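Chain by chain, the residues:
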Amino acid sequence: MTSPIKPPQEIVSTITKIAPKIYDMTVVSTSEEGSAALISRNAKAGQFVMIRADEEGERIPLTIAQTEAKKRAVRLIFQVVGTSTHKLSLLKPGDQVLNLAGPLGKPSEVVEGKKVLVIGGGVGIAAILPIAGSLYHAGNDVTVVLGARTRDLLILKDEFKPIAHRLVLCTDDGSEGRKGFVTDAMNDLVANTGAYDVGWAVGPTIMMKMCSEIAKRLDFPLWTSLNPIMVDGTGMCGGCRVLVGNEMFFACVDGPEFDGRLVDWDNLLLRQKQFKTEEADSFHHCRLENQLHSR
Ligand code: FES
């Protein structure tokens, strides 16, 4: 009698805390038909996945930091900001991830032979890793600016060294690199040299808004990766609607990258705030439950 064929599973192969509240996790498929295998073969820079840790968890969007087709592996870097990311952070090597779907969204528009500026702030640094890599390998002159509140949060900096012609580090408190925000570095680089053709900025919404204001003032094309609330990630629920150039788009299918100069940032910030209270309540409840179970 032949044994039944097992459906593919998505398994956590490694998970490491790389900074306070920030985790670096690799998910692999048990067969070539699995989601991680499919994503690892097809994902391009700028795309994302929807992931759900277990039955009670919500589907959340995470940018793909790296893929390795031979290993059927997808690397995801995330910050614990609520219940779902907290649940992901509790996974251990060998644990199964309930759902992984992707690659989703449109890939970054990778130019060739240009002078490009790629800015990452906080956990957004992980999202710009594949973007900077693709731009570098397409023959662009790449300057990378990384920023975080303090040195411990300045993640992945060594991984940018082989894919950046120039690497500028910034911390708010001056504990590493130049003291100040990525916007200060951007302003100096773009305004003072004027030598960049196009840029990317990915990080907290407020950072992308500030970078976009500089881009608008200097008439500098700047791609930003929007992170509204997403529910299905397929353009069906309307949860991720954003206003860009006074038109409505769905970030999950029309983005996530949009010209930052045209984004209605205040509308996005307002929509993100609407869910903060519910998320905080749910997160508090989830942590209490975990404490009870671990007693
Ligand atoms: S997440 Fe539902 S439409 Fe984009």
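Residues numbered from 1 in each chain as written. Predicted model: local features only at pLDDT ≥ 70, side-chain atom pairs only at ≥ 80, totals over all residues. Heavy atoms only, no water.

Here we look at the sheet that holds strand β9 (residues 141–148)
Defined as follows: In this scheme, strands are said to pair when DSSP sees at least two bridges between them. Secondary structure counts use DSSP, requiring at least four H or I residues in a row for a helix and at least two E residues in a row for a strand, with both numbered from the N terminus. Any two residues whose heavy atoms approach within 4.5 Å are treated as being in contact. Note on geometry: axes are lines fitted to C-alpha atoms, helical ones only across the stretch in contact, with angles between N-to-C directions running from 0 to 180 degrees.
One open sheet accounts for 7 strands, arranged β11-β10-β9-β8-β12-β13-β16; its pairing is mixed. Whereas interior strands pair on both sides, the edge strands pair on one side only; in this sheet they are β11 (178–179) and β16 (257–259). Contacts between helix α3 (residues 124–137) and the sheet are confined to β8 (115–121), β9, β12 (198–202) and β16, with β8 contributing the most and set at about 165° to the helix.

Quick look at the pairing of strand β5 (residues 73–79)
Our working rule: Partly exposed describes any residue whose relative accessible area lies between the buried limit of under 20% and the exposed limit of over 50%, with all areas from a 1.4 Å probe on protein chains only and scaled to the type maximum.
Across the 7 residues of β5, 6 count as buried, placing the element largely inside the fold. Bridge count between strand β2 (residues 22–29) and β5: 7 bridges; the pairing is antiparallel. Counterpart to V28 in the pairing with β5 is A73. When strand β4 (residues 60–68) meets β5, the two strands line up antiparallel, connected through 4 bridges. By the bridge assignment for β5, T67 is matched with V74.

A few points about helix α6 (residues 205–218)
Our working definition: In this scheme, a helix's expected span is set at 1.5 Å multiplied by one less than its residue total.
Taking 1.5 Å per residue as the helical rise, α6 with its 14 residues ought to reach 20 Å, and the 20 Å between its terminal C-alpha atoms agrees with that figure. Phi for D219, located one or two positions after α6, is positive at around 55°.

Let's talk about the domain arrangement of the protein
The condition that has to hold: Throughout the structure description, domain borders are defined by an automatic or database domain assignment. Buried surface area refers to the total accessible area, computed with a probe of radius 1.4 Å, that the two partners give up upon joining, counted for both partners together.
In terms of domains, the protein is made up of domain 1 (10–104) and domain 2 (115–271). Across the boundary between the two partners, domain 1 contributes 19 residues, which contact 19 residues of domain 2. With both sides pooled, the region where domain 1 packs onto domain 2 buries about 1,500 Å², and carbon together with sulfur makes up 68% of that total. By the criterion of area lost to domain 2, the three top residues of domain 1 are A45, G46 and F48, representing 25% of everything that side buries.

Things to note about the sheet that holds strand β7 (residues 99–104)
As summarised here, the arrangement of the 7 strands in space is β6-β1-β2-β5-β4-β3-β7, forming an open sheet in which the pairing is antiparallel. Strand pairing shows two members of the sheet lacking a second neighbour, β6 (96–97) and β7, which therefore form its edges. Note: strand β3 (residues 48–52) against β4, 4 bridges, orientation antiparallel. Bridging from a neighbouring strand, I51 pairs with I60 of β4. The sheet strands contacting helix α1 (residues 35–42) are β1 (10–19), β2, β3, β4, β5 and β7, and the helix crosses β7 at an angle near 15°.

Topic: the environment of L218
Positionally, L218 belongs in helix α6. Between the C-alpha atom of L218 and that of P7, which follows or precedes it by 211 residues, the distance is 53 Å. If we ignore the near neighbours within four places in the chain, the residues touching L218 are N187, V190 and A191.

A few points about the pattern of salt bridges
Formally: Just to be clear on terms, a salt bridge is a Lys or Arg side-chain nitrogen sitting within 4 Å of an Asp or Glu carboxyl oxygen.
Under the definition given, this model contains 14 salt bridges. Note that R72 and E32 form a salt bridge whose closest N and O atoms lie 3.1 Å from each other. Highlighted residues: R72 in the loop between β4 and β5 and E32 in the loop between β2 and α1, separated in sequence by 40 residues. Ionic pairing is found between D219 and R261, a salt bridge with its closest N-O pair at 3.3 Å. Of this pair, D219 sits in the loop between α6 and β13 (222–225) while R261 sits in the loop between β16 and α8 (265–274); the two residues are 42 residues apart in sequence, bridging distant segments of the chain. Connected through salt bridges with shared partners, the residues D24, R75 and E159 form a single ionic network.

Details of α1
Let me state the cut-off plainly: By definition, the arc is the one covered by directions from the helix axis to the C-beta atoms.
Inspection of α1 places A36, A37, I39 and S40 among the buried residues, and these make up the whole buried set. Buried residues of α1, seen end-on, are gathered within an arc of 165° and therefore sit on one face of the element.

Brief notes about the packing of aromatic side chains
Ring pairs (aromatic) are described by centroid distance and by the angle formed between their planes. Quick note on the threshold: Stacked, tilted and edge-to-face pairs are distinguished by plane angle, under 30 degrees for stacked and over 60 for edge-to-face with tilted covering the rest, among Phe, Tyr and Trp rings (Trp via its six-membered ring) whose centres lie within 6.5 Å.
This structure, assessed with the given rule, holds 2 aromatic pairs. With 5.7 Å between their ring centres and 15° between their planes, Y23 and F78 make a pair best called stacked. Linking Y23 in strand β2 with F78 in strand β5, this pair joins segments that are 55 residues apart in sequence. Just as Y23 is buried, F78 falls in that class too.

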